[in-house]
Amino acid sequence: MDITFSHTPQLFGCFHILSLLAIALFNTLFFLWAKKKNEDKLLHLLQNLGLFMILTEIFKQYFCYIYVFKRKLNLWFFPWQLCSMAMYCSFLCPLLKKEKTQNAFLVFLSSFSLMSTIAALILPMDMLRDQILLTIHSFVYHGLILSCSLTSYLILKKRKNISFLPSIYLFLFMAAIAEIINVSAHLLLNDIYIEPNMFYITLSYPSTQPVFHEIALRFSIPFEILVYLLTIILFSYLLFQLEKHFLFKS
C-alpha cells in the first residue's frame, strides 16, 4: 500500500498553494450558505462540524500509530494542541445552557482558533509530511477550523455584549492542561522524541517555533513560554477587535 508522496510537499509549493486556494474557496461558499441560517441551525451545524472533526481525529490517531510510528508509543500527535481545541469547543458549545458560557466558547473559536489555523496554514511545517493521508487530513482539519470560526461569527453577530475576557480564561485553562500533559509525560517517559509538546509550551526543551526558539535560548524556557502565551492572547484579541468592529452588535 503506497501511502507516501514521491516527494515531500514543500512550503509554498504546488500542494501547499493549491490546498490554501481550495480551503479559501470552500469556506467562501460555506459562509454564503451558512449566513442564511438561524441561530439554532448554526449551533447544530457547529456541533456537527465538531463531531466530524473528532471522528477524523480518531482516524488520524489510528493512522499515526499504525503507519507513522509502526505500532510504537509516541505522543507527538496527542490531540491537545491549540488547533485541537476547535473540535472540542465546537462539539460542546451547543450543549452549554448559559449564553455567557456559550459566548466564551464562540469567541475562542472566532479568535484563538482562527489565529492558530491561519498561522498553521501559512507556515505548515509540521503538516507537510511524507504520508499522503496525514498531510491531507491536516489541511482538511485546519480548513474545518476556519468553517467553525465562520459559524461562530454568524452566531455572535446575532448576540449583544460580547466580551473577550472569558475566552482568555478558557485559553489559560486549556494551556494549563497542556502543560500538565507535557510535564506528566516527561516524568513518565523521559524521552523528548516520544513526549508530547502540547501548545508548544513544554519545559523539556526550547520551543521549536521560529523566533520563540531564540527567546528560549537567550532568556530561558519559562520566560519564552510566557511571551508565547501572551503573544497568542494579543493576536487573538486583535482579531476579536476587528470582528467586533465589523460584525458584532454593540
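Residues numbered from 1 in each chain as written. Predicted model: local features only at pLDDT ≥ 70, side-chain atom pairs only at ≥ 80, totals over all residues. Heavy atoms only, no water.

Draft legend 1. Spotlight on the overall build of the protein chain. Regarding its fold elements, the protein chain presents eight helices and zero strands. For 250 residues, the compact-globule estimate of 2.2 N^0.38 gives 18 Å, and the C-alpha radius of gyration of the protein chain, at 18 Å, lies within 12% of that figure. Viewed in the frame of its principal axes, the protein chain has a C-alpha envelope of about 50 × 45 × 30 Å. Within the protein chain, the fraction of its 250 residues that count as buried is 49%. Considering only intrachain contacts with a sequence separation of at least 6, the fraction spanning at least 24 residues in the protein chain is 73%. For the protein chain, the exposed area adds up to about 13,300 Å²; of that, 69% sits on carbon and sulfur atoms. (Helix = DSSP H or I, 4+ residues; strand = E, 2+ residues; numbered from the N terminus. Rg over C-alpha atoms; globule rule 2.2 N^0.38 Å. Buried < 20%, exposed > 50% of the residue type's maximum accessible area, 1.4 Å probe, protein only. Contact = heavy atoms within 4.5 Å. Areas by Shrake-Rupley, 256 points an atom, 1.4 Å probe, with all protein chains shown as cover.)

Draft legend 2. Expanded view of the pattern of salt bridges. Following the criterion strictly, the structure yields two salt bridges and no others. Across the salt bridge formed by glutamate 39 and arginine 159, the nearest N and O atoms sit 2.7 Å from each other. With glutamate 39 in helix α2 (residues 39–68) and arginine 159 in the loop between α5 (132–156) and α6 (165–189), the pair connects residues that are 120 residues apart, well separated along the chain. The partner of arginine 129 in a salt bridge is aspartate 126, with the nearest N and O atoms 2.6 Å apart. (Salt bridge = Lys/Arg side-chain N within 4 Å of Asp/Glu carboxyl O.)

Draft legend 3. Examining helix α4 (residues 99–122) more closely. An ideal rise of 1.5 Å per residue puts 34 Å on 24 residues; α4 measures up with 33 Å between its terminal C-alpha atoms. Within α4, the axis deviates most sharply at leucine 109, by approximately 35°. The buried count for α4 comes to 18 of 24 residues, which makes it a mostly enclosed element. (Expected span 1.5 Å × (residues − 1). Bend = angle between axes of the 7 residues up to and from the residue.)

Draft legend 4. Region of the structure containing the packing of aromatic side chains. Across all of its chains, the model carries 16 aromatic pairs by this definition. Between phenylalanine 26 and phenylalanine 30, the ring centres sit 6.2 Å apart and the planes meet at 25°, which makes this aromatic pair stacked. Separated by four residues within a single helix, phenylalanine 26 and phenylalanine 30 lie in helix α1 (residues 14–34), roughly one turn from each other. Pairing phenylalanine 212 with tyrosine 228 gives two aromatic rings, centres 4.9 Å apart and planes at 85°, and the pair type is edge-to-face. (Phe/Tyr/Trp six-rings, centres within 6.5 Å; stacked < 30°, edge-to-face > 60°.)

Draft legend 5. Examining unusual backbone geometry more closely. A positive phi angle is found at lysine 70, which is not glycine, with a value near 55°. Here tyrosine 200, not a glycine, exhibits a phi torsion of approximately 55°, which is positive. Topologically, tyrosine 200 is positioned in the loop between α6 and α7 (212–219).

Draft legend 6. Molecular detail of a nonpolar patch on the surface. A contiguous nonpolar surface patch, about 820 Å² in accessible area, is contributed by Leu11, Phe12, Ile17, Leu18, Leu21, Ile118, Ile122, Leu123 and Met125. Those elements that place two or more of their residues in the nonpolar patch are α1 and α4. With three residues, the single largest contributor to the nonpolar patch is α1. (Patch = residues over 30% accessible without salt bridge, like charges linked within 9 Å, V, L, I, M, F, W, Y side chains within 5 Å.)

Draft legend 7. Region of the structure containing the side chain of glutamine 47. Looking at the secondary structure, you find glutamine 47 in helix α2. Owing to a relative accessible area of 17%, glutamine 47 belongs among the buried residues under this scheme. For glutamine 47, the contacting residues outside a window of four places in its chain are Ser90, Phe91, Pro94 and Leu95.

Draft legend 8. Inspection of the state of the cysteines at higher detail. The final tally for this structure, using the stated rule, is zero disulfides. Note on cysteine 89: no disulfide assigned, nearest cysteine sulfur contributed by cysteine 93 at a separation of 7.9 Å. (Disulfide = S-S within 2.5 Å.)

Draft legend 9. Up close: α7. What α7 keeps buried is the set Phe212, Ile215 and Ala216. Taken end-on, α7 shows its buried residues confined to a sector of 100°, consistent with a single buried face. Opposite the buried face of α7, at more than 90 degrees from it, the exposed residues are Leu217 and Arg218. At its buried positions, α7 is contacted by α8 (221–246). At the C-terminal side of α7, serine 220 shows a positive phi close to 135°. (Arc of directions from axis to C-beta.)

Draft legend 10. Quick look at the environment of tyrosine 141. Positionally, tyrosine 141 belongs in helix α5. The spatial distance from the C-alpha of tyrosine 141 to the C-alpha of histidine 16 is 14 Å, given a sequence separation of 125 residues. Beyond its immediate sequence surroundings of up to four residues, tyrosine 141 is in contact with Met53, Thr56, Cys83, Ser84 and Met87. Within polar-contact distance, the side chain of tyrosine 141 engages the backbone oxygen of cysteine 83 at 2.9 Å. (Polar contact = N/O pair within 3.5 Å; in protein donor to acceptor, adjacent residues only side chain to side chain.)

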